[in-house]
Amino acid sequence: MTLIKHELKQGGLSLMIWTVSIAFLLVVCILLYPEMKSDMNDVSDLFASMGSFTEAFGMDQVSFGTLEGFYAVECGNILGLGGAFFAAFCAAAMLSKEEKEHTAEFLLTHPVSRAKIITDKLIALMLQIIILNAVNLAVSLVSIAWIGEDIMWKELLLLHLAYFLLQVELAGICFGISAFLRKGSLGIGLGIATVLYFLNLIANISDQAEFLNYITPFGYAEGTDIVTNASLDGRLVALGMVYGLLGIAAAYWQYCGKDIR
């Protein structure tokens, strides 16, 4: 429990900055919707005629004139990218920072197993992700109520659930990678999140690249698909959770037998 509290305290400032930043952008987008609502139908027609660009972001499936469509595209990109970067940012440094900052020689002298250290760090990581998502969901609900729009409960909760699962998967993968590195790995984590995001764009553009949806977590966190179908793709979600669990398992396997310098 001491290590969990320490990790939460150490990552508190980062968590606050990312949470406030994402929440602020969400509020701005939602508050802008009433002002833009009357012009959104024309915008939808414009985007619908932009070919591959439209398909890449799924804008051919929804109408910007509805809050569901507007939220799925505008707020969805903020939640998807912002949350993915945060999860990768935190997870990629969770284990490797002990060697980079030379704190492993202090931590590992305590009467606690490496498996316990990994578990506590993983719990702290997941708690940060939960806090980030809980705050952003609350901010979205309050903002939608503030502008006088009806809350689309099912679609909204499914969207936020998808982004939460995306972050959990990315966190598991980057957590595993962190165990193999001896120096900072923030660039690697953010790079992985970016590559997976662009793989999803490619999958949306080309039918021949649809198999990429089985690789990237953005495949089941596609806001426009979720709003249109009012459901998540269970196969992609299950596969994504397997990827995350494999990353966590790799972290235990590597870190427990690692020669800490």
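What this report covers is the structure whose coordinates are included nearby. (Residues numbered from 1 in each chain as written. Predicted model: local features only at pLDDT ≥ 70, side-chain atom pairs only at ≥ 80, totals over all residues. Heavy atoms only, no water.)

## Overview of the environment of Ile129
Logical step 1: Tracing the backbone shows Ile129 in helix 8 (residues 114-146).
Logical step 2: When the C-alpha atoms of Ile129 and Leu15 are compared, they prove to be 8.6 Å apart, with 114 residues separating the residues in sequence.
Logical step 3: In this structure, Ile129 is in contact with Phe86, Ala87, Phe164, Gln167 and Ala171, ignoring residues within four places of it in sequence. (Helix = DSSP H or I, 4+ residues; strand = E, 2+ residues; numbered from the N terminus. Contact = heavy atoms within 4.5 Å.)

## A word on unusual backbone geometry
Logical step 1: Even without a glycine there, the phi angle at Ala230 is positive, about 55°.
Logical step 2: In this structure, Ala230 sits in the loop between helix 11 (223-229) and helix 12 (234-256).

## Overview of the environment of Tyr33
Logical step 1: With respect to the element layout, Tyr33 can be found in helix 2 (residues 12-36).
Logical step 2: Among the polar contacts listed, one links the side chain of Tyr33 to the backbone nitrogen of Leu67, at a separation of 3.1 Å. (Polar contact = N/O pair within 3.5 Å; in protein donor to acceptor, adjacent residues only side chain to side chain.)

## As for helix 5 (residues 67-93)
Logical step 1: Helix length check: helix 5 (27 residues) gives 37 Å between terminal C-alpha atoms against 39 Å at 1.5 Å per residue, within 8%.
Logical step 2: The largest bend along helix 5 measures about 40° and falls at Gly76.
Logical step 3: Of all 27 residues that make up helix 5, 21 are buried, and the element is covered over most of its length. (Expected span 1.5 Å × (residues − 1). Bend = angle between axes of the 7 residues up to and from the residue. Buried < 20%, exposed > 50% of the residue type's maximum accessible area, 1.4 Å probe, protein only.)

## Concerning the packing of aromatic side chains
Logical step 1: Inspection of every chain in the model, using the stated rule, returns six aromatic pairs.
Logical step 2: Between the aromatic rings of Tyr197 and Phe198, the centroid separation amounts to 5.6 Å while the plane-to-plane angle is 80°, which identifies the pairing as edge-to-face.
Logical step 3: A residue is classified by how much of its surface remains accessible, and Tyr197, at 11% relative accessible area, is buried.
Logical step 4: Classification of Phe198 by relative accessible area gives partly exposed; the value is 47%.
Logical step 5: Taken together, Trp18, Phe86 and Phe89 form an aromatic cluster joined through their ring pairs. (Phe/Tyr/Trp six-rings, centres within 6.5 Å; stacked < 30°, edge-to-face > 60°.)

## Focus: the packing of helix 1 (residues 2-10) against helix 8
Logical step 1: Remark: helix 1 packs on helix 8, axes separated minimally by 8 Å, with the N-to-C direction vectors making an angle of 40°. As the angle between them shows, helix 1 and helix 8 are arranged oblique. Crossing hand, helix 1 versus helix 8: right-handed. Contacts between helix 1 and helix 8 pair Leu3, Ile4, Glu7 and Leu8 from the former with Ile117, Asp120, Lys121, Ile123, Ala124, Leu127 and Gln128 from the latter.
Logical step 2: Residue composition of the contact of helix 1 with helix 8, by class: seven nonpolar, one polar and three charged. (Axes fitted to C-alpha atoms, helices over the stretch in contact; angles between N-to-C directions. Parallel < 35°, antiparallel > 145°, perpendicular 65-115°, else oblique. Left-handed = near helix turned anticlockwise from the far one by under 90°. Nonpolar A, V, L, I, M, F, W, Y, C, P; charged D, E, K, R; others polar.)

## Some thoughts on a nonpolar patch on the surface
Logical step 1: Side chains of Phe24, Leu25, Val28, Leu32 and Met36 sit close together on the surface and give an oily, nonpolar patch of about 420 Å² of accessible area.
Logical step 2: When you line up the elements, Leu25 lands in helix 2. (Patch = residues over 30% accessible without salt bridge, like charges linked within 9 Å, V, L, I, M, F, W, Y side chains within 5 Å. Areas by Shrake-Rupley, 256 points an atom, 1.4 Å probe, with all protein chains shown as cover. Salt bridge = Lys/Arg side-chain N within 4 Å of Asp/Glu carboxyl O.)

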